[in-house]
Structures are given as C-alpha cells and as structure tokens.
Amino acid sequence: MDLLKTLVDKGLRCELPTREEALAVLATSDDDVLDVVAAAGKVRRHWFGRRVKLNYLVNLKSGLCPEDCSYCSQRLGSKAGILKYTWLKPDEASDAAAAGLAGGAKRVCLVASGRGPTDRDVERVSETIKTIKEQNEHVEVCACLGLLSDGQAERLREAGADAYNHNLNTSESTYGDITTTHTYADRVDTVNKAHAAGLSACSGLIAGMGESDEDLVDVVFSLRELDPDSVPVNFLIPFEGTPLAKEWNLTPQRCLRILAMVRFVCPDAEVRIAGGREVHLRTMQPLALHLANSIFLGDYLTSEGQAGKADLEMVADAGFEVEGAGEVTLPEHRVRAAGGRGSVCGTHEGCGSHEGCGAHEGAQVCGTADTCGTSAAQAAPAASPAQEARTDLVAVRRRGAGTDLAPNA
Ligand code: SF4
C-alpha cells in the first residue's frame, strides 16, 4: 500500500504526515490491519527497538473531584463505586511505588484527583517525591495533579519530579462537550508550564468517547505541536455511573489503527497504551506492543488491570523486552533537546488531566450523567458502530494504594 510506505518513510525521518494520510490510517479495513501494524511497527522499532517501558500508577487521592469530566469515575456526582480517599502520606505512597518498581516499572506516576493542586498540595507531593527518590535509586517520577498555577511546575521540578502529565484528551472543538468546568486552553497552558519548567511533558488522549476520526486526528496533531515526550493513549473505560457508560464503540482493530496513527504522527515520542488496554484490545494486546513502546503495569487509578505478572509474560511472549532502569527511553536527539531545556526525562534521570483517567492517567472514567451536558458522543457523529458492552471486563480497583490489600504489580 503506497500510503503505508509513505508513512514509514516519513516516520523514519520524523516528518509530519498530512491530515489526509492520518485519516486514511483510521479508515483502513480490518483486512489491512496487520499491514498497518507491520508498517507502524517499523517506525516503532527504528526509534525504540524492542524495548517496552513499564510505568506504575499511584493514586495519591481518589474520587471526590469538583470537576465534571464526563469520562471520569472520580468526577463531580459520579455514581461509580470507586475507592474514595484523601492524600496518601509520603511513606504510604512510597510503599505503593516500591511494589510497582519491584515488578519492573521504571517510572512512577503520582496522580491526584482534583482541578489542580493548592500550594499546600504541591508541598505535600514534593515531600512524597523526595521520599520516593530517597528510597528508590534511578526511579523516574511523573506528577499528575491537574491544572497548574504559576510557579508550581518549578517547585515540583525542584523537588525532583522528572515529568508532568496533563492530557488534552480530545479535540479542541469537542472539548466543551466532555467537560464544562475547565477548557481545552487551560490544559494546553498546563502542558506548556511543565515544558517551561524543564519537566518532561506527558500528554495524550482518550479514544472511544464517540468522537469522529477528524477529532482524533485533530488532537494527535495538536499533541505533535505541543511536543510532549510521552503520549498516553487511553481507551475509554465506560464506567457505570458516568455519563459515557454506554459508549462501547471500540474494537481491538480500531484501537490498533488509532495507536498506529499516533505512532505515525508522533514517531519518536514514547507512545504509551494507558487505561482501557485490557478492556478494548483484549487478546490483541500483544499486537499493540508493535506500535506503543510503553504500558502501565498492573492496575489503573480506579480500575483493575491484568496482573503485573501477566503484563511481563505478554511482553516476553511477544518478543519484546522490559526497558531497564539504566536504559534511555527516548531517541538521542530528544534527550539532547530535553537537556537544552533542562529536562532529561525519557532518560531515567528525569505523567493530565490525570494520566490514568484517560484523563487522569490511568484513564479512569469519571462522571455521571446528572451534571454533564452533552457528551462527545452526542456532539459528534460516532466514528464506529456500537459494540457489545463488555462490562464484565471493568472491575473497580479494590487493592493497592488506599487499601489494606497488596497491589497486583
Ligand atoms: S479527569 Fe481529573 S479533573 Fe476531571 S473529573 Fe476526573 S479527577 Fe477530576
């Protein structure tokens, strides 16, 4: 297929595809999906070899958010039966982080629900970062605390944070349909603040909210412009008790096409499969490793993932290898660029909304229908037909951080 040859050539040169080419990837048929994976896999291997970076989510503060992100189980008015707790103490967070690191993770993503941190919250998280770094040599720490005010990114950087996650989630034109309490511009501003403070920026999207192919391409092109080092791709977990609970419209093949498109548009960025991996890719997860070079180990923010041991077995069986703590994640030219602006993440020196939330990074899905206006699904034509609801695959997290039970890392 000429399209794929062109995209591989551009990916190897880090050249931006056209919007039409990105849309054409999403429009390929299921018969062509293996060709699409093979092509994007060449780009992935060129920049990242066969390495898979493992990341571990620690939900520092769960639920009770005043914001109304319709995909999020922690949102205002959410009726999802998730864990709700306030700030973990530094030692508790460090213990949770240690479980993920022992399981093979090299980055810990510290996530807290909420619009954004107060200065006292930044102090609290700074203490947690220092504790984790004292107790775990070489760990990368990413903070994901919501919208940042002036000076907060710098203080997190001084405390030892390597990266900051804040996802764009969806296109600018549909952003107001999924959230009314803050704007797309607020999100862009926070990603820029992280960049400016020398933090490695992590920013991604949520697919499966009823958006069109054009929306997906819009958000991925916006991400390319923002130039984050890592791009988490969340697949909506339609939590019961959230406004998007009925949005089951992803197939494993569509997830693969979306990941391939992200790889072609952001060839040299760490593309991470985030929340919804098990729910939507299901038995096709190993194929997605040919596209993404990064996953979360074990559980997400408010939902359970497959066991960490199963993640490790999948990586090995698919012919990939877990990236070691001493290995540099990003291609050399990116590390040099990061060094120039003071950040070195993607190397081990150094996560959105919230990265696991789809929004908040573990791509959880906040929300209830009560307070949400129009959903993205209502606002835009659905790109894919409705699929069978696999509610059997959605399990609320009941172990790990904030509980007395061991995590599954
Ligand atoms: S995504 Fe973050 S800001 Fe939005 S409702 Fe969920 S916890 Fe709150």
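Quantities reported herein were computed from a predicted structural model and do not represent experimental measurements.

Rules and cut-offs
Residues numbered from 1 in each chain as written. Predicted model: local features only at pLDDT ≥ 70, side-chain atom pairs only at ≥ 80, totals over all residues. Helix = DSSP H or I, 4+ residues; strand = E, 2+ residues; numbered from the N terminus. Buried ≥ 20, exposed ≤ 12 C-beta atoms within 10 Å, placed from the backbone. UniProt positions renumbered as here; feature names shortened; annotations may be inferred. Axes fitted to C-alpha atoms, helices over the stretch in contact; angles between N-to-C directions. Parallel < 35°, antiparallel > 145°, perpendicular 65-115°, else oblique. Left-handed = near helix turned anticlockwise from the far one by under 90°. Contact = placed C-beta atoms within 7 Å. Expected span 1.5 Å × (residues − 1). Core = buried A, V, L, I, M, F, W, Y, C linked by C-beta atoms within 7 Å. pLDDT = per-residue confidence, 0-100. Pairing = 2+ DSSP bridges. Right-handed = clockwise from strand over helix to strand, strands pointing away.

S.K.: Please clarify how the overall build of the protein chain should be interpreted in this entry.
M.R.: Of regular secondary structure, the protein chain possesses 15 helices and 12 strands. A buried classification covers 59% of the 409 residues belonging to the protein chain.

S.K.: I tried to follow the UniProt feature "binding site: [4Fe-4S] cluster" (unreviewed entry) in the protein chain on my own but got confused; where do I start?
M.R.: Under the local residue numbering, the UniProt record ascribes the feature "binding site: [4Fe-4S] cluster" (unreviewed entry) to Cys65, Cys69 and Cys72. The topology assignment puts Cys65 in the loop between β1 (51-61) and α4 (90-102).

S.K.: What is the right way to read the packing of helix α9 (residues 213-226) against helix α10 (residues 252-265) from this model?
M.R.: Working note: a packed helix pair is described by the angle between its axes plus the distance between those axes. For the pair α9 and α10, interaxial distance at closest approach is 10 Å and the crossing angle is 30°. Between α9 and α10, the angle falls in the class roughly parallel. The element α9 and its partner α10 pack so that their crossing is right-handed. Of the residues in α10, those in contact with Leu216, Val220, Phe221 and Arg224 of α9 are Ile258, Met261, Val262 and Val265.

S.K.: Can you help me understand the UniProt feature "binding site: [2Fe-2S] cluster" (unreviewed entry) in the protein chain in this one?
M.R.: UniProt's feature table lists "binding site: [2Fe-2S] cluster" (unreviewed entry) at Cys109, Cys142, Cys202 and Arg272, given in the numbering used throughout. Spatial clustering of the annotated residues is evident: they stretch over 164 residues in sequence, but the largest pairwise C-alpha distance comes to 13.8 Å. Turning to its location among the elements, Cys109 is positioned in strand β2 (residues 107-112). Accessibility expressed as a C-beta count within 10 Å gives 33 for Cys109, which makes it buried. Turning to its location among the elements, Arg272 is positioned in strand β8 (residues 270-273). Assessed through the 30 C-beta atoms surrounding it within 10 Å, Arg272 is described here as buried. If we ignore the near neighbours within four places in the chain, the residues touching Arg272 are Asn55, Ser230, Val231, Pro232, Val233, Ala292, Ser294 and Ile295.

S.K.: Whenever I open this one, the environment of Asn192 confuses me. Can you help?
M.R.: Residue placement: Asn192 occurs in helix α8 (residues 184-196). You can call Asn192 partly exposed: it has 15 C-beta atoms within 10 Å. The spatial distance from the C-alpha of Asn192 to the C-alpha of Pro228 is 9.5 Å, given a sequence separation of 36 residues.

S.K.: Sorry, what's going on with helix α5 (residues 119-135) here?
M.R.: The end-to-end C-alpha distance of α5 is 25 Å, a good match for the 24 Å that 17 residues give at a rise of 1.5 Å each. Along α5, the residues classified as buried are Val122, Arg124, Val125, Ser126, Thr128, Ile129, Ile132 and Lys133. Against α4, β2, β3 (140-144) and α6 (152-158) lie the buried residues of α5.

S.K.: How should the nonpolar core be read in this particular structure?
M.R.: Inside soluble globular proteins, nonpolar side chains tend to come together where they are buried. Ranked by internal contacts, the top residues of the largest apolar core, which has 108 residues, are Tyr56, Val58, Val108, Leu110, Tyr164 and Leu259. The element contributing the most residues to this core is α10, with nine residues. Not counting chain neighbours up to four residues away, the residues in contact with Val108 comprise Tyr56, Val58, Ala97, Gly100, Leu101, Ile132, Val139 and Val141.

S.K.: So what exactly am I meant to see when it comes to the confidence of the model for the protein chain here?
M.R.: Parts of the prediction with low pLDDT should not have their coordinates interpreted in detail. On average, residues of the protein chain score 89 in pLDDT, and 89% of them reach the 70 mark or higher. Contacts from residues 342-353, a stretch scored under 50 in pLDDT, to residues over four places away or in other chains number 65 contacts. Every residue in residues 355-382 scores below 50 in pLDDT, and together they form 170 contacts with partners more than four places removed in sequence or on other chains.

S.K.: For this particular structure, what's the right way to read the pairing of β1?
M.R.: On a regular strand, each side chain points to the face opposite its neighbour's, so the side chains alternate between the two faces of the sheet. Burial of β1 is extensive: 10 of the 11 residues sit out of reach of the surface. Where β1 lies against strand β10 (residues 321-322), two bridges are found, and the strand directions are parallel. Looking at the pairing, Arg51 lines up with Glu321 of β10. Pairing between β1 and strand β9 (residues 294-296): three bridges, direction parallel. Within β9, the position partnered with Asn55 by the bridge is Phe296. Relative to β2, β1 runs parallel, the two sharing six bridges. Bridge pairing in β2 links Asn59 to Val111. You can see the chain leave β1, run along α4 and come back into β2, and the turn it takes is right-handed.

S.K.: Help me out: how do you make sense of the environment of Gln74 in this one?
M.R.: Tracing the chain through its elements places Gln74 in the loop between β1 and α4. A C-alpha to C-alpha distance of 9.6 Å links Gln74 and Leu301, two positions 227 residues apart in sequence.

S.K.: Got a minute to help me understand unusual backbone geometry in this structure?
M.R.: Leave glycine aside and you will find that most residues have negative phi; peptide bonds, for their part, are mostly trans. Of note, Leu64 is a non-glycine position whose phi angle comes to about 60°, a positive value. Note that Leu64 resides in the loop between β1 and α4. The class for Leu64 is partly exposed, based on 15 C-beta atoms found within 10 Å. Phi at His138 takes a positive value of approximately 75°, unusual for a residue other than glycine.

S.K.: Looking at this structure, I do not really get the pairing of β3. What am I missing?
M.R.: Among the five residues in β3, five count as buried, and that is most of the element. Of the two faces of β3, both are covered, the one formed by Glu140, Cys142 and Cys144 as well as the one formed by Val141 and Ala143. Strand direction decides the pairing type here: β2 and β3, joined by five bridges, are parallel. Each residue of the ladder has a partner; that of Arg107, found in β3, is Glu140. Read from β2 through α5 to β3, the crossover connection turns out right-handed.

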